Amino acid sequence: MDNEAGSINLDELTQSVSSLLEREKQRRARRRRRNRIRICRRRDKMRASIDQLSLSIEVIKWCMVAIVTVIAFSVVILVSVVWQIGNEA
């Protein structure tokens, strides 16, 4: 394959192909690494969301306990007032 435009020998061709294969291998490794990092970040974000939701549910639970306690005291007071009015009448 000798011509005036230039030729490439078998060693150069082998080296070029090896270089291309190595670059492709590195590119695939980078892509896999980026995908793993993206998946880990997504998983961490989901865990943080679950933790935040858990805290919100805990706050809602204690708010409901407080509301029920206030309602219970109000009913007890109402019953005692009605009882006193009934006894006085």
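This text follows the structure it describes.
The present account deals with the structure reproduced in this document.

Basis of the calculations
- Along each chain, numbering runs from 1 in the same order as the chain's sequence is written.
- Reporting in this predicted model follows two pLDDT cut-offs: at least 70 for local features of residues, and 80 or more for side-chain atom pairs to be given and counted; totals over whole chains, interfaces and linings ignore these cut-offs and use all residues.
- Remark: hydrogens and water are excluded; side-chain values derive from all non-hydrogen atoms of the structure.
- Helical segments are the DSSP runs of H or I of at least four residues, strand segments are the runs of E of at least two, and each set is numbered from the N terminus.
- Radius of gyration: over C-alpha atoms. The globule rule applied is 2.2 Å multiplied by the number of residues raised to the 0.38 power.
- The Shrake-Rupley method, run with a 1.4 Å probe, gives the accessible areas here. Residue values count only the displayed protein chains as cover.
- Counted charges follow a simple rule, with Lys and Arg positive, Asp and Glu negative, and His plus the chain ends left uncounted.
- In plain terms, the charge of a residue is placed at NZ if it is Lys, CZ if Arg, CG if Asp and CD if Glu.
- Salt bridge, as used here, is a side-chain nitrogen of Lys or Arg placed within 4 Å of a carboxyl oxygen of Asp or Glu.
- Each residue is assigned to one of three classes by its accessible area relative to the maximum for its type, calculated with a 1.4 Å probe on protein chains only: buried under 20%, partly exposed between the two thresholds, exposed over 50%.
- Like-charged residues are merged into a patch within 9 Å and nonpolar side chains (Val, Leu, Ile, Met, Phe, Trp, Tyr) within 5 Å, provided each residue has over 30% relative accessible area and no salt bridge.
- For a helix, the expected span equals 1.5 Å multiplied by the residue count minus one.
- Whenever two N or O atoms come within 3.5 Å, that pair is a polar contact, provided that in protein one can donate a hydrogen and the other can accept it, and provided that, for residues adjacent in sequence, both atoms are side-chain atoms.

What to know about the overall build of the protein chain
Reasoning step 1: If you tally the helices and strands in the protein chain, you get one helix and zero strands.
Reasoning step 2: Over its C-alpha atoms the protein chain spans a radius of gyration of 38 Å, topping by over 25% the 12 Å that the globule rule assigns to 89 residues.
Reasoning step 3: Principal axes of the C-alpha set define a box for the protein chain whose edges measure 125 × 15 × 10 Å.
Reasoning step 4: Accessible surface, the protein chain as shown: approximately 8700 Å² in total, 64% of it carbon and sulfur.
Reasoning step 5: Side chains of the protein chain give 17 positive and 10 negative charges; the mean places of these two sets differ by 5 Å.

Some remarks on the pattern of salt bridges
Reasoning step 1: All told, the structure shown has four salt bridges when counted by the stated rule.
Reasoning step 2: Across the pair E24 and R27 runs a salt bridge whose closest N-O atoms are separated by 2.4 Å. Taken together, the residues span about one helical turn, with E24 and R27 both in helix α1 (residues 10-88) at a distance of three residues.
Reasoning step 3: Assessed through its relative accessible area of 26%, E24 is described here as partly exposed.
Reasoning step 4: For R27, a relative accessible area of 35% puts it in the partly exposed group.
Reasoning step 5: Each member of the salt-bridge network shares a partner with another, and the members are E24, R27 and R28.

A look at a positive patch on the surface
Reasoning step 1: Taken together, the side chains of R30, R31, R32, R33, R34 and R36 define a basic patch exposed on the protein surface.
Reasoning step 2: With respect to the helices, strands and loops of the structure, R30 is situated in helix α1.
Reasoning step 3: By relative accessible area, R30 is classed as partly exposed at 38%.

Examining α1
Residues spaced three or four apart along an α-helix face the same direction, because each turn holds 3.6 residues.
Reasoning step 1: With 79 residues, α1 extends 116 Å between its outermost C-alpha atoms, agreeing within 8% with the 117 Å of an ideal straight helix rising 1.5 Å per residue.
Reasoning step 2: Residue N9 occupies the N-cap position of α1, its side-chain oxygen lying 3.2 Å from the main-chain nitrogen of D11.

Topic: a nonpolar patch on the surface
Reasoning step 1: A cluster of nonpolar residues, I8, L10, L13, V17 and L21, forms a patch on the protein surface that exposes about 500 Å² of accessible area.
Reasoning step 2: Inspection of the secondary structure assignment puts L13 in helix α1.
Reasoning step 3: The partly exposed category is assigned to L13, whose relative accessible area is 43%.

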